[in-house]
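# Summary of the model geometry
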Amino acid sequence: MPSILVLNGPNLNLLGLREPAVYGSATLADVEQLCREQAEALELGVDFRQSNHEGVLVDWIQEAGRRMAEGELIGVVFNPGAYTHTSVALHDAIKGASVRLIELHISNVHAREPFRHHSYISPAAAGIVVGLGVAGYEVAIQALARLAYPRAPR
Ligand code: DQA
């Protein structure tokens with residue numbers, strides 16, 4: 001069964017505890033469950049990971065590129081957390097590994113502080129899901145499936 005990789009960057013392990021007025025009350029375990037249910041409905045497997053370390057995320061994106069080339073993975077949903085706004089290394093990893101990747105943010109970063117308005121990830125992403133809360137993970141998984149398995153417009 002083809003799979004997707006769901007990657008979460010720094011501080012997302014604190015989801016549910018961290019600024020609930022901004023990020024909501026769902027925990028990362030709740031998000032994993034939601035991703036598993038959405039993926040199962042689309043007959044996809046899920047590899048769900050979180051790291052606070054930029055280099056670990058770079059390694060996982062490179063690994064995703066190899067798994068995509070082998071036809072085992074259809075793409076990546078990536079919430080890069082604060083690395084969105086700082087990381088040329090993650091931008092380069094996504095481009096270098098040629099991964100199909102949806103960038104995701106739980107909050108509407110464009111309605112927040114100006115330093116959150118720029119993303120190093122967006123120019124390397126196939127698409128972006130912003131500000132839909134944790135439901136955005138479901139939307140991003142659906143988008144990956146659509147991109148991997150295009151169907152006629154309705
Ligand atoms: C975030 C938005 C980022 O600006 C922030 O640093 C995060 C979470 C989001 O999901 O809304 O850690 O990516």
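Located above this text is the structure these notes cover.
This write-up is about the structure you can find in this document. Starting from 1, residues in each chain are numbered consecutively following that chain's sequence as written. For a predicted model such as this one, the threshold for reporting local features is a pLDDT of at least 70, and the threshold for listing and counting side-chain atom pairs is 80 or more; totals across whole chains, interfaces and linings nevertheless cover every residue. Hydrogens are left out, water is left out, and the side-chain values use all remaining heavy atoms of the structure.

### Focus: unusual backbone geometry
For clarity, the cut-off: Each helix corresponds to a stretch of at least 4 residues labelled H or I by DSSP, and each strand to a stretch of at least 2 residues labelled E; elements are numbered beginning at the N terminus. Classification of residues uses two cut-offs on accessible area relative to the type maximum, computed with a 1.4 Å probe and protein chains only: under 20% is buried, over 50% is exposed, and between them is partly exposed.
One non-glycine residue, glutamate 19, adopts positive backbone phi at about 35°. Considering the arrangement of structural elements, one finds glutamate 19 in the loop between β1 (3–8) and α1 (20–23). Of the residues examined, glutamate 19 reaches a relative accessible area of 41% and is grouped as partly exposed. Located in the positive-phi region is serine 98, a residue other than glycine, with phi close to 50°. Looking at the element boundaries, serine 98 is found in the loop between α4 (88–97) and β4 (101–105).

### Some thoughts on the packing of aromatic side chains
Where we set the bar: In this scheme Phe, Tyr and Trp rings, the latter by its six-membered ring, pair at centre separations within 6.5 Å, and the angle between planes marks the pair as stacked below 30 degrees, edge-to-face above 60, and tilted otherwise. Geometrically, a charge over a ring is one whose NZ (Lys) or CZ (Arg) sits within 6 Å of the ring centre while staying within 35 degrees of the ring normal.
In total, this model carries 0 aromatic pairs according to the counting rule given. Taking the ring centre of tryptophan 60 as reference, the NZ or CZ of arginine 49 above it sits at 5.1 Å.

### Here's the deal with the site of the ligand
Under the convention used in this document: Residues are labelled near a given molecule or strand when at least one of their non-hydrogen atoms is within 4 Å of it. Any pair of N or O atoms that falls within 3.5 Å is considered a polar contact. Within protein, one atom must be able to donate a hydrogen and the other to accept it, and sequence-neighbouring residues count only if both atoms are side-chain atoms. Each accessible area is a Shrake-Rupley result for a 1.4 Å probe, and residues are judged covered by the shown protein chains and nothing else. We call Asp, Glu, Lys and Arg charged. Ala, Val, Leu, Ile, Met, Phe, Trp, Tyr, Cys and Pro are nonpolar, and the rest, Gly among them, are polar.
Near the ligand you find Arg18, Tyr23, Asn79, Gly81, Ala82, His85, His105, Ile106, Ser107, Val109 and Arg116, and these make up its full shell. Within the side chain of asparagine 79, one N or O atom sits 2.8 Å away from an oxygen atom of the ligand. Measuring from an oxygen atom of the ligand, one finds a side-chain N or O atom of serine 107 at 2.6 Å. A total of 320 Å² of accessible area belongs to the ligand in isolation, and the protein chains cover 99% of it. Among the residues forming the shell around the ligand, the class breakdown is 4 nonpolar, 5 polar and 2 charged.

### Structural notes on helix α3 (residues 54–69)
In an α-helix, one turn spans 3.6 residues; hence positions three or four apart end up facing the same way. Heads up, the condition is: By this rule, a helix spans an expected 1.5 Å times one less than how many residues it contains. Should any heavy atoms of two residues lie within 4.5 Å, those residues are counted as being in contact.
For α3, which comprises 16 residues, the first-to-last C-alpha distance of 23 Å matches the rise-based estimate of 22 Å (1.5 Å per residue) to within 8%. Along α3, the positions that sit buried rather than exposed are Leu57, Val58, Trp60, Ile61, Ala64, Gly65, Arg67 and Met68. Buried residues belonging to α3 abut β1, β2 (45–50), β3 (73–79) and α4. A positive phi of about 80° marks glycine 71, the residue just after α3.

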